[in-house]
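# Observations on the model geometry
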Amino acid sequence: MTRPAPGLPARVRIHEVGARDGLQNEQATVPTDVKAEFVHRLADAGLTTIEATSFVHPKWVPQLADAEELFPRLTGLPGVNLPVLVPNRRGLDRAMALGARHVAVFASATESFAKANLNRTLDDSLALFAPVVRHAKDTGVHVRGYVSMCFGDPWEGPVEPAQVVRVCAALRDMGCDELSLGDTIGVATPGHVRDLLALLNAEGVPTEALGVHFHDTYGQALANTLAALQHGVTTVDASAGGLGGCPFAKSATGNLATEDLVWMLRGLGVETGVDLGRLTATSVWMAEQLGRPSPSRTVRALSSKDQ
């Protein structure tokens, strides 16, 4: 049943990360054919932004070593943007050579995670990204800036909002079109989310440039998402079936499940353009490929009704 709530956006754009963030931590190699089928099924379910893969060195993320083989199989999906992660200029060149028009760089709000993820200090990592973003923008490519550890860090503990603002401002100054605020280890609560968004606005980062990326470690992902929506955020990252984690932060459990997000938004009368039945069927299919049930509560509830 739909029961709209005041102060929410009429429509939310879901930035689907299942094919990249969702699969990158899988120990067993997922065949390229399965990855391609996954993206096509997600598109058929109505998702219009599907993060496809990452052009990182295979040594760092072996699961995504097939980026050059996979990406050409995904082009031509009508009305679908296919962002890819690029860690440096080499990764950007590889992506653009295959026709990628939406890319993302991956920054950290903390020194510890910058060293764990990029083997660089925070400032050195930002300096690495600057020419990448500049070249992408000069060639008309849309750039997203991920900021991880926005609320807590497994090595440093709670993260001060001012530190997150500093990194976000740097990425905006480079030319990033949008920023995704990542709760990488899932420790955020709604009040923290509201405070960070308000501080970003006060420091000149507009709400329309922000997306949110919550992990559900403590069961707070939907509550945190609702707080962000009430603030005016209209872009939410989610992973079909709740797949995902982070290979560089072992305490990072699964992403917010796209099905759980769509169920909540549908009940609130917020449009997404996503067919929940097709999406659920896609996650059930993907769970079969991975050999384990989906962690998404909505997937489990809806799929059990069909049995």
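What you are looking at is a predicted structure, and each value in this text was computed from that prediction instead of being measured.

How each quantity is defined
- Residues numbered from 1 in each chain as written.
- Predicted model: local features only at pLDDT ≥ 70, side-chain atom pairs only at ≥ 80, totals over all residues.
- Heavy atoms only, no water.
- Pairing = 2+ DSSP bridges.
- Helix = DSSP H or I, 4+ residues; strand = E, 2+ residues; numbered from the N terminus.
- Contact = heavy atoms within 4.5 Å.
- Axes fitted to C-alpha atoms, helices over the stretch in contact; angles between N-to-C directions.
- Buried < 20%, exposed > 50% of the residue type's maximum accessible area, 1.4 Å probe, protein only.
- Phe/Tyr/Trp six-rings, centres within 6.5 Å; stacked < 30°, edge-to-face > 60°.
- Core = buried A, V, L, I, M, F, W, Y, C linked by side-chain atoms within 4.5 Å.
- Expected span 1.5 Å × (residues − 1).
- Right-handed = clockwise from strand over helix to strand, strands pointing away.

### Notes on the sheet that holds strand β5 (residues 102-108)
Strand order in the open sheet formed by nine strands is β2-β1-β11-β10-β9-β6-β5-β4-β3, with parallel pairing between adjacent strands. Every other strand in the sheet has two partners, leaving β2 (49-50) and β3 (53-54) as the edge strands with one partner each. The pairing of strand β6 (residues 142-148) with strand β9 (residues 178-183) spans four bridges and is parallel. Paired with Gly145 across the two strands is Leu179, which belongs to β9. Set on the sheet, helix α10 (residues 258-267) makes contact with β1 (13-16) and β11 (235-238); between it and β1 the angle comes to about 175 degrees.

### Describing α10
Summarising burial for α10: seven of the ten residues are buried, a large majority. Gly269 lies just past α10 and shows a positive phi near 75 degrees.

### Regarding the environment of Gly91
Mapped onto the secondary structure, Gly91 falls in helix α4 (residues 89-97). Residues in contact with Gly91, not counting those within four places in the same chain, are Phe55 and Val86.

### What to know about the environment of Gly182
Looking at where Gly182 falls in the secondary structure, it is placed in strand β9. Once residues lying within four places of it in the same chain are set aside, the contact partners of Gly182 are Val147, Ser148, Met149, Cys150, Phe151 and His213.

### Comments concerning the packing of aromatic side chains
Think of a pair of aromatic rings as described by two things: how far the centres are apart, and how the planes are tilted against each other in angle. Within this structure, the stated rule accounts for four aromatic pairs. Judged by centre distance (6.2 Å) and plane angle (40 degrees), the ring pair of Phe151 and Phe214 falls under tilted. On the criterion of sequence distance, the pair formed by Phe151 in the loop between β6 and β7 (152-153) and Phe214 in strand β10 (residues 210-214) is long-range, its members being 63 residues apart. Across the pair, exposure class does not vary: Phe151 and Phe214 are buried alike.

### A closer look at the nonpolar core
Phe38, Val84, Val86, Leu171 and Met286 are the most contacted members of the largest nonpolar core, which has 88 residues in total. Those residues in contact with Val84 that lie beyond four places of it in its chain are Ala52, Thr53, Phe55, Phe71, Ala95, Ala100, His102, Val103 and Ala104. If you look at the next biggest cluster of nonpolar residues, it comprises eight residues, including Val17, Ala104, Phe113 and Met149.

### Brief notes about helix α6 (residues 122-138)
With 17 residues, α6 extends 25 Å from end C-alpha to end C-alpha; this agrees with the ideal 24 Å at 1.5 Å per step. Buried positions along α6 lie against α4, β5, α5 (111-118), β6 and α7 (161-174). Just downstream of α6, Gly140 is the residue with a positive phi angle, here 80 degrees.

### Focus on the environment of Thr121
Tracing the backbone shows Thr121 in the loop between α5 and α6. Taking the C-alpha atoms as reference points, Thr121 and Glu111, ten residues apart in sequence, are found 5.9 Å from one another. With near-sequence residues (within four places) excluded, Thr121 lies in contact with Glu111, Ala114 and Lys115.

### Re the pairing of β5
The buried fraction of β5 is high, at six of seven residues. With two bridges joining them, strand β4 (residues 84-85) and β5 adopt parallel strand pairing. Within the sheet, the bridge partner assigned to Leu85 lies in β5 and is Ala104. Remark: the β4/α4/β5 crossover connection has right-handed handedness.

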